[in-house]
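# Notes for the structure review
Spelled out, the chains give:
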Amino acid sequence: MDLTLATRDADGKTIVAVGGEIDVYTAPKLRDKITELVAAGVYDIVVDMEAVEFLDSTGLGVLVGGLKKVRAHDGSLQLVCTQDRLLKIFRITGLAKVFVIHDSADAALAAG
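All values reported here derive from a predicted model rather than from experimental measurement. (Residues numbered from 1 in each chain as written. Predicted model: local features only at pLDDT ≥ 70, side-chain atom pairs only at ≥ 80, totals over all residues. Heavy atoms only, no water.)

Let's shift gears to the pairing of strand S2 (residues 13-22). For S2, a buried count of eight out of 10 residues is recorded, marking the element as mostly surrounded by other parts of the structure. Sheet topology places strand S1 (residues 3-10) next to S2; eight bridges connect them, and they run antiparallel. Within the sheet, the bridge partner assigned to Leu5 lies in S2 and is Val18. (Buried < 20%, exposed > 50% of the residue type's maximum accessible area, 1.4 Å probe, protein only. Helix = DSSP H or I, 4+ residues; strand = E, 2+ residues; numbered from the N terminus. Pairing = 2+ DSSP bridges.)

At a minimum axis separation of 9 Å, helix H1 (residues 27-39) and helix H2 (residues 57-71) run at an interaxial angle of 5°. The angle between the axes of H1 and H2 places the two elements in the roughly parallel class. Along its contact with H1, which presents Ala27, Leu30, Arg31, Ile34, Thr35 and Val38, the element H2 presents Thr58, Gly59, Val62, Leu63, Gly66, Lys69 and Val70. Residues that form the contact of H1 with H2 fall into these classes: seven nonpolar, four polar and two charged. (Axes fitted to C-alpha atoms, helices over the stretch in contact; angles between N-to-C directions. Parallel < 35°, antiparallel > 145°, perpendicular 65-115°, else oblique. Contact = heavy atoms within 4.5 Å. Nonpolar A, V, L, I, M, F, W, Y, C, P; charged D, E, K, R; others polar.)

A separate point is the sheet that holds strand S4 (residues 76-80). Spatially, S1-S2-S3-S4-S5 is the arrangement adopted by the five strands of the open sheet, whose pairing is mixed. Here the strands that pair on one side only, and so sit at the sheet edges, are S1 and strand S5 (101-102). Its contacts with the sheet place helix H3 (residues 84-93) against strand S3 (44-55), S4 and S5, and it is angled at close to 115° to S3.

Relative to the helices and strands, Gln83 is located in the loop between S4 and H3. Looking at Gln83, its side chain comes within polar contact range of the side chain of Arg85, at 3.0 Å. Setting aside chain neighbours within four positions, we find Gln83 in contact with Met49, Glu50, Ala51 and Val52. (Polar contact = N/O pair within 3.5 Å; in protein donor to acceptor, adjacent residues only side chain to side chain.)

This part is about unusual backbone geometry. The phi dihedral of Asp11 falls on the positive side, at around 50°, and the residue is not glycine. Counting through the fold element by element, Asp11 comes out in the loop between S1 and S2. Asp11 sits in the exposed class, given a relative accessible area of 67%. Within the chain, Asp74 stands out as a residue other than glycine whose phi angle is a positive 55°. In this structure, Asp74 sits in the loop between H2 and S4.

With that settled, the discussion passes to the pattern of salt bridges. Scanning all chains against the criterion turns up two salt bridges. Ionic pairing is found between Arg31 and Asp32, a salt bridge with its closest N-O pair at 4.0 Å. According to the relative accessible area criterion, Asp32 is partly exposed, its value standing at 44%. (Salt bridge = Lys/Arg side-chain N within 4 Å of Asp/Glu carboxyl O.)

That is the geometry; function is a separate question.
Following this line, the structure appears as C-alpha cells:
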C-alpha cells in the first residue's frame, strides 16, 4: 500500500494528513515532507494519522526525527490519532509521553 500526504494550513499550523502505511518503504516520503516544511520555515506541524493503517519502527523514527527538527526552532509536532492499535504502539514505546496526541485536528489546533 502507498502513503498519501496532503498538507493544509490552519490557524498558523500546518496539518499533514497521512494515509496508508508508514513503513520502511514509505517513511522516507513522510520524512522528506517534514524536512521540506521545516526548510520552508514551518515549525508548528500537526500530523493527522486518522487514515494510517500501519505504522512500524521506521515510521516512529521519522516522527521522532521530525519532532527534533521542529523543536530546534522552538516549534511543535503534534499528532492526531484515535486508533487503538496505533496508540498502543506509542504507549508501548513510551512515545505517548513524548508526543502530544489529540483525538482530532480541531483539538490540535485549539491546543495552540
